Amino acid sequence: MRTFNERIPVPEDFGTPLIKVTPGTDLDLELRFEAVHEGILVSGSVLVELTGECSRCLANFTEDLEVDVQELFFYEQPPAGLDEDEDTQRWVEHDSIDLEPVLRDAVVTALPFQPVCREDCEGLCSECGIRLADEPGHHHEILDPRWSALQGLTGEED
């Protein structure tokens, strides 16, 4: 078994349109490489800094994300046509392994589908578009126009 604790630069386009790993930062890797009968088992964690846009209020935010990684890289490839899952398996090629697809799969699938700046984000006002966190108690008095003829019956203007 060997351990690998490194910081490596983030590859291009590591995320989705709403949230991604902050460009120009590093991936903090804490990985273990273990020799097993079938190949090399890679396990550990990846710590990344995310930059995103809140899906409720459209504010930009950053946060850290730690993702667990575990993947088996096989020594020998099976003969062609025997295994339907061949495309999903990883292989040791020329005594080396390519971690980039494994890291990309682990991080991108762990990203939230609808990122929010904080769990209790109220979003935007549906009438005027103001950010509700900036103005607590913000509301609009909306009267149904079908009831406007009855408004004068009470003697009140409002």
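Every value quoted in this text rests on a predicted model; they were computed, and no experiment measured them.

It is worth spelling out the confidence of the model for the protein at this point. Caution applies to low-pLDDT parts of the model: their predicted coordinates are not meant to be read in detail. For the protein, the average pLDDT comes to 83, and 85% of its residues sit at 70 or higher. Here strand E6 (residues 90-91) stands out as the element of the protein with the lowest mean pLDDT, 68, in contrast to strand E2 (residues 19-21), whose mean of 92 is the highest.

With that settled, consider the layout of surface pockets. One number sums up the size of the largest pocket: a volume of about 230 Å³. Lining the largest pocket we find Met-1, Arg-2, Phe-4, Phe-33, Glu-34, Ala-35, Ile-40, Ile-97, Asp-98 and Leu-99. Only strand E1 (2-9) and strand E3 (26-35) provide two or more residues apiece to the lining of the largest pocket. Considering each element in turn, the lining of the largest pocket owes the most residues, three residues, to E3. Taken together, the residues of the lining of the largest pocket break down into seven nonpolar, no polar and three charged.

Per the stated rule, a full pass over the model turns up one aromatic pair. When the ring of Phe-4 is compared with that of Phe-33, the centres are 6.1 Å apart and the planes differ by 80 degrees; the resulting orientation is edge-to-face. Of this pair, Phe-4 sits in strand E1 while Phe-33 sits in strand E3, and the two are 29 residues apart along the sequence.

Moving on to a negative patch on the surface. A cluster of acidic side chains, namely Glu-49, Glu-63, Asp-64 and Glu-119, defines a negative patch on the protein surface. For Glu-49, the position within the fold is in strand E4 (residues 39-53).

This next bit is on the state of the cysteines. For the coordinates displayed, the defined rule picks out zero disulfides. Between Cys-117, a free cysteine, and Cys-121, which holds the nearest cysteine sulfur, the sulfur-to-sulfur gap is 3.7 Å. Here Cys-117 falls in the partly exposed class, since its relative accessible area comes to 23%. The closest cysteine sulfur to the non-disulfide-bonded Cys-128 is located on Cys-125, 3.7 Å from its own sulfur. Note on Cys-128: relative accessible area 44%, which makes it partly exposed.

Below, the discussion takes up the side chain of Ser-45. One can find Ser-45 in strand E4. For Ser-45, the contacting residues outside a window of four places in its chain are Asp-28, Leu-29, Glu-30, Leu-31, Glu-66, Val-67 and Asp-68.

What follows concerns the environment of Glu-63. Topologically, Glu-63 is positioned in strand E5 (residues 60-74). Sequence-wise, Glu-63 and Thr-22 are 41 residues apart; in three dimensions their C-alpha atoms are separated by 9.6 Å. Look past the residues within four positions of Glu-63 in its chain and what remains in contact with it is Val-48, Glu-49 and Leu-50.

Leaving glycine aside, a negative phi is the common case for residues, and trans is the common case for peptide bonds. Phi at Asp-13 is positive, roughly 50 degrees, even though this residue is not glycine. Within the element layout of this structure, Asp-13 appears in the loop between E1 and E2. Residue Asp-13 is classed as exposed on the basis of its relative accessible area, which comes to 68%.

Here the focus is the environment of Ile-130. Summarising the element assignment, Ile-130 is placed in the segment after helix H1 (100-110). Not counting the four nearest positions on each side in its chain, Ile-130 is found in contact with Gly-123, Leu-124, Cys-125, Glu-135 and His-138.

Within the sequence span of H1, burial applies to Val-102, Leu-103, Ala-106 and Val-107. One face of H1 carries all of its buried residues, which in axial projection span an arc of 115 degrees.

Criteria and thresholds
- Residue positions are counted from 1 within each chain, in the order its sequence is given.
- With pLDDT at 70 or above as the cut-off, local features in this predicted model cover only qualifying residues; side-chain atom pairs require 80 or more to be listed or tallied, and sums for whole chains, interfaces and linings still use all residues.
- Hydrogens are left out, water is left out, and the side-chain values use all remaining heavy atoms of the structure.
- Scored from 0 to 100, pLDDT reflects the predictor's confidence in each residue.
- Helix and strand labels come from DSSP, where a helix needs a run of H or I of at least four residues and a strand needs a run of E of at least two; each type is numbered from the N terminus.
- In this analysis, the protein atoms alone were mapped onto a 1 Å grid. Cavities are point sets where a 1.4 Å probe fits without being able to get out; pockets are open sets with protein on both sides within 12 Å along at least five of seven lines; lining residues have an atom within 4 Å of a point.
- Grid points are joined across faces, edges and corners, and a volume is the space filled by probe spheres set on the points.
- Residues are grouped as follows: nonpolar covers Ala, Val, Leu, Ile, Met, Phe, Trp, Tyr, Cys and Pro; charged covers Asp, Glu, Lys and Arg; every other residue, Gly included, is treated as polar.
- Each Phe, Tyr or Trp ring (for Trp, its six-membered ring) is paired with any other whose centre lies within 6.5 Å, and the angle between the two planes then decides the class: stacked below 30 degrees, edge-to-face above 60, tilted in between.
- Nonpolar side chains (Val, Leu, Ile, Met, Phe, Trp, Tyr) are joined into patches within 5 Å and like charges within 9 Å, using only residues with over 30% relative accessible area and no salt bridge.
- Accessibility throughout is a Shrake-Rupley quantity obtained with a 1.4 Å probe, and a residue counts as covered only by protein chains that appear here.
- Take a side-chain nitrogen of Lys or Arg and a carboxyl oxygen of Asp or Glu: if they are within 4 Å of each other, that pair is a salt bridge.
- Working convention for charge: Lys and Arg count positive, Asp and Glu count negative, and His plus the chain ends are omitted.
- Lysine's charge is taken at NZ, arginine's at CZ, aspartate's at CG and glutamate's at CD.
- Here, two cysteine sulfur atoms that lie within 2.5 Å of each other are counted as a disulfide.
- For each residue, the accessible area found with a 1.4 Å probe, counting protein chains only, is set against the maximum for its type, and the residue is called buried under 20%, exposed over 50%, and partly exposed in between.
- Throughout, a residue-residue contact means that at least one pair of heavy atoms, one from each residue, lies within 4.5 Å.
- The arc under discussion is defined with respect to the helix axis, by the directions toward the C-beta atoms.

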